[in-house]
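Residue-level structure breakdown
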Amino acid sequence: MSGLKFDRFSGIIPRAPESLLPPINASAAVNCEFAFGELRAIKGDFLSQTMVNTPVSLYTDNGLTFYSWTEDVNAVRSPLAHDTFDRLYYTTPTDFRVTTRSNMAINGGAPTSSYRVGVPKPTVAPTLTVPAAPGLDTATIVATFQYEYAGVKYQEAAITLTTVTANKKWTFTPPAKSVTPLTPLQAFPVIHLVATDGTTHDVLFDLYTANSSAAMTGDWALAIAQNTDGTSYSITLTSSVLESDKKTRAYVYTYVNTYGEEGPPSPPATITALSKLAFTVGCTRDAQTVDYAPIKEIRIYRTPDDSDIADYFYTGSIQVLTAGGTAFQFIDTVTAAALNEPLASMDYYPPDIALVGLMSLPNGILIAWKDNEVHVSDAYKPWSWPPRYIKTAGHSIVGGLPHGAGALITTRAKPFFISGVSPDSMTESPVNIKQAGVSKWSMVDIDGMAAYASNDGIVVIDGGQATLAFSEQFFTRDVWRARCAAGFSTMRFAAWDGRLIVWSSTNAFTPFMVRLDEAKGAMTDIPGLVAGCSYVSPVGDQLYYARSNVVYQFAGGSDTGAAWTSREIVLAAPANFGIAQAICSGAWSVSFLADGVIKHTKVLTGNATFRLPAGFESDRWKISISGNGRFRELRVATTVEELKKM
């Protein structure tokens, strides 16, 4: 009879009975590395850091410093190139935050300081007022009294007025009419009012009361009337502009934070007045801005006068970063010709704080979801999430994964792609498979392929086409569920060197690793993997995971020791093998099992030829190999002559 020869080693196939496995596959494989055809052990894990907390989520750039959270968090770095603020954006179960990446520590911990993402919309419309006359609040006003008759002035002299309403109404008592020189009895009192700017000394207006022959028609009129006491008079400053000469304009204002990000505008306010006047715009800093990045500036925008199009243009700003209080005023003296910067942040709404699953897509776009809604940010504006970009799925979303030019989204029913070169052109397209996702974290991208866990197995998407064919090499639907269903809700995927690593954060099933790269199909159990969460460092392409409060680098240490058991080999007739030859290096142990019972174990430290015990026969054999190093070949024969021919 012919002997047994093992010169190629591969992994387990849980779906197949042991006796029907291909010759190179195993009935059991633990911590095995099959990339080289021979049998080797995967590297053990390297203790990287001890965290200050017990992480549920991790983030690291380099594997040296970390953020670690005790809640479910998705974190991405800012999509802006050369971000001067070195920002990190992350979603928690209850909020959407931004912090700096430079504060990561060796022993992890959550960010010590952070802000809610975005710039809030002011809730209060601006208050609009027009002064009695341009600049009158700071003007120098000089009043002159005279009696007048037939165009002739009498008793002209400076007079002090008593203010009734600031910048609008005054009273005075005229002096007695002079006898020498004579002031005609018919002469009536007239006030001449001149206002000059307090800083430039420009004349703001030069008015006579309306009863004077010197009174002229203009933007303003000065009325005079005798009071009921019969001795004093009142003068009132009023606009002489016709209603048809007045213009209507609307104002809004926005907040700008210390990142230079601008938010959506306030509710509008409108006013109708003479357009050449200086409008006072009152703005409010809302209490809701407290949890956001500090507001450094309030920007004011207005429409062109009597415009039929609601386009707002920049008018000016108020610096408020170090200013106390909540109410601010801006004086608008900008001419229509100077309005040339339109309001760009009309739809720059902050993201919904209930969003989860934050992802970074190509072209500077961020994406997240809540319930059955997919939310998309403006390109390279991570603070701006316009509501018009929201896409609605047919079922609740389970998870999301950046893939290709967009993202793969799994739901409680079937997955779909969302993709586009810009956020306003993002489209949804179905995936050619009706398989629901089972958990948020059981999704991964490996060498351009996407994989996610479904109720029936592992769905692999390559070139836009989804299939269970890869999973079906290892699992039937029943085998997959029997092995993993207890941990579906806590199942996690990770990618490492072309391999898919699958485990449960609650240790609900035995973790395993399977290759999806050029050596597709080799599967091994890795029972030592106990992890609550993981993260792949983009700098070193290393996988880190947390076990309790300790972070390990996966396969970053020394060999763990592999264990490989062959398929059950069924002979045509019972036999007793008498001799074996091993080609290996390192420390290995080889056991020979007949009818499930170990008949002999040989410890090896290198190449060896050795005898096997006699006195029994069996038609069902297994070979179990365990150890470290390189195990290249094992030959088993009944006689030496037979061994030489193999």
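The structure under discussion appears in the preceding block.
Summary of the structure given here. (Residues numbered from 1 in each chain as written. Predicted model: local features only at pLDDT ≥ 70, side-chain atom pairs only at ≥ 80, totals over all residues. Heavy atoms only, no water.)

**Remarks on the sheet that holds strand β31 (residues 397-403)**
Hydrogen bonds between backbone groups are what pair the strands of a sheet, and the pairing can be parallel or antiparallel. Judged by pairing direction, the sheet is antiparallel, and its four strands sit side by side in the order β31-β32-β33-β34 without closing on themselves. The two strands at the open ends of the sheet, each matched to only one other strand, are β31 and β34 (427-430). Averaged over all pairs of adjacent strands, the angle between strand axes in this sheet comes to 25 degrees, irrespective of strand direction. When β31 meets strand β32 (residues 406-411), the two strands line up antiparallel, connected through six bridges. In the strand pairing of β32, G399 is matched with T410. (Pairing = 2+ DSSP bridges. Helix = DSSP H or I, 4+ residues; strand = E, 2+ residues; numbered from the N terminus. Axes fitted to C-alpha atoms, helices over the stretch in contact; angles between N-to-C directions.)

**What to know about the sheet that holds strand β24 (residues 295-302)**
Strand order in this open sheet of four strands is β22-β21-β24-β25, and the pairing throughout is antiparallel. Each having just a single partner strand, β22 (269-273) and β25 (313-319) make up the two edges of the open sheet. Each neighbouring strand pair of the sheet contributes to a mean axis angle of 30 degrees, computed without reference to strand direction. Pairing between strand β21 (residues 247-257) and β24: seven bridges, direction antiparallel. Residue pairing across strands places T254 opposite R299, the latter belonging to β24.

**Looking at the pairing of strand β13 (residues 140-149)**
Where β13 and strand β17 (residues 188-196) come together, nine bridges link them in antiparallel fashion. Across the sheet, the residue bridging to Y147 is P189, located in β17. Sheet analysis places β13 next to strand β14 (residues 152-158), joined by five bridges and oriented antiparallel. Looking at the pairing, E148 lines up with K153 of β14. Counting the residues between successive antiparallel strands, the hairpin from β13 to β14 contains two residues, one of them, A150, with a positive phi of roughly 55 degrees.

Note that every value here comes from positions in space, so none of it alone points to a role or purpose.
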